[in-house]
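# Per-entry structural report
Letter by letter, the chains look like this.
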Amino acid sequence: MSEILLKNFLDVFNKEILPLTSKGVDLGNKIFGAAILNKVDNRLIVAGSNNETENPMWHGEINTLKKFYEIEKKTRPNENNCIFLSSHEPCSLCLSAITFSGFDNFYYLFPYEATSNEFSIPHDLNILKEVFNINDGNYNKKNSYWKSYSIMNLVEELTDNKQKIKESFNILKKKYFDLSNKYQSSKNKNSIPLK
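Residues numbered from 1 in each chain as written. Predicted model: local features only at pLDDT ≥ 70, side-chain atom pairs only at ≥ 80, totals over all residues. Heavy atoms only, no water.

## Let's talk about the nonpolar core
- Phe9, Phe13, Ile31, Leu85, Leu109, Ile151 and Tyr176 are the most contacted members of the largest nonpolar core, which has 33 residues in total.
- If you list the elements that add at least two residues to this core, you get α1 (3–26), β1 (33–38), β3 (82–88), β4 (105–110), α6 (151–156) and α7 (162–186).
- The element contributing the most residues to this core is α1, with nine residues.
- The residues contacting Ile31, other than those within four sequence positions of it, are Thr21, Val25, Ser87, His88, Phe119, Ile121, Tyr176, Leu179, Ser180 and Tyr183.
- Listed in part, the 23 residues of the second largest apolar core include Ile36, Ile98, Phe103 and Tyr108. (Core = buried A, V, L, I, M, F, W, Y, C linked by side-chain atoms within 4.5 Å. Buried < 20%, exposed > 50% of the residue type's maximum accessible area, 1.4 Å probe, protein only. Helix = DSSP H or I, 4+ residues; strand = E, 2+ residues; numbered from the N terminus. Contact = heavy atoms within 4.5 Å.)

## Concerning the packing of α1 against α7
- Orientation of α1 relative to α7, taken along the N-to-C sense of each, is 15°, at an axis distance of 11 Å. Overall, the two elements α1 and α7 adopt an arrangement that is roughly parallel. Regarding α1 and α7, the two cross each other, and that crossing is left-handed. Facing α1, whose interface residues are Glu3, Lys7, Leu10, Phe13, Asn14, Ile17, Leu18, Thr21, Ser22, Val25 and Asp26, α7 presents Ile165, Ser168, Phe169, Leu172, Lys175, Tyr176, Leu179, Lys182 and Tyr183.
- By residue class, the composition of the contact of α1 with α7 is 11 nonpolar, four polar and five charged. (Axes fitted to C-alpha atoms, helices over the stretch in contact; angles between N-to-C directions. Parallel < 35°, antiparallel > 145°, perpendicular 65-115°, else oblique. Left-handed = near helix turned anticlockwise from the far one by under 90°. Nonpolar A, V, L, I, M, F, W, Y, C, P; charged D, E, K, R; others polar.)

## A few points about the sheet that holds strand β2 (residues 44–49)
- One open sheet holds the five strands; their spatial order is β2-β1-β3-β4-β5, and the pairing between them is mixed. Each edge of the open sheet is held by one strand with a lone partner, namely β2 and β5 (147–150). Going across the sheet, the axis of each strand differs from the next one's by a mean of 20°, ignoring polarity.
- Both β4 and β5 contribute to a ladder of four bridges, which runs parallel. Note on β5: the bridge partner recorded for Asn105 is Lys147.
- Across the face of the sheet, α1 comes into contact with β1, β2, β3 and β4 while running at roughly 45° to β2. (Pairing = 2+ DSSP bridges.)

## Overview of unusual backbone geometry
- Even without a glycine there, the phi angle at Asn42 is positive, about 60°.
- Tracing the chain through its elements places Asn42 in the loop between β1 and β2.
- The class of Asn42 is partly exposed, set by a relative accessible area of 24%.
- Positive phi is not limited to glycine here, since Asp136 has a value of about 55°.
- One can find Asp136 in the loop between α5 (123–132) and β5.
- Its relative accessible area of 57% is what places Asp136 among the exposed residues.

Read these as geometric descriptors, not functional statements.
Following this line, the structure appears as structure tokens:
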């Protein structure tokens, strides 16, 4: 993974996904967001964020897919020509939606463990365990449908300018923590079934 592409990913989170997520949190939604980029030029196609206060199915990834499929088909790129970015490792609902949509990849900032332990949203791991008997989120991260990538792990694999990218990642992580604290302090006021 190139440093340029990772920097672009972090820019998309900062400039496109995070502002939508911030607005969503103000409305009582969780901190999850996503974006779809064109593989050829890494240009943003669409970004979205969690909108569970409107519909409990509108997770960040699902809402982003909804927006993607609202683009007229003749101008919308083929899913295999896209990069799918997610703020957090996708839950089972979102994993299925990405799969059924035909995307061959997704990249995520924060793994399940961080979502559960650091952001205090344990549902992803709990559902995988209770419904699918998958412990510790150990689904097949590379399979015949897609490959998934941890952006944190890709940053660790860098050899050039690794520290600069890590610093950018840590600044972004702090912004997500701040939004998470805001969500956690007000979540009991919303109508989301799984808070």
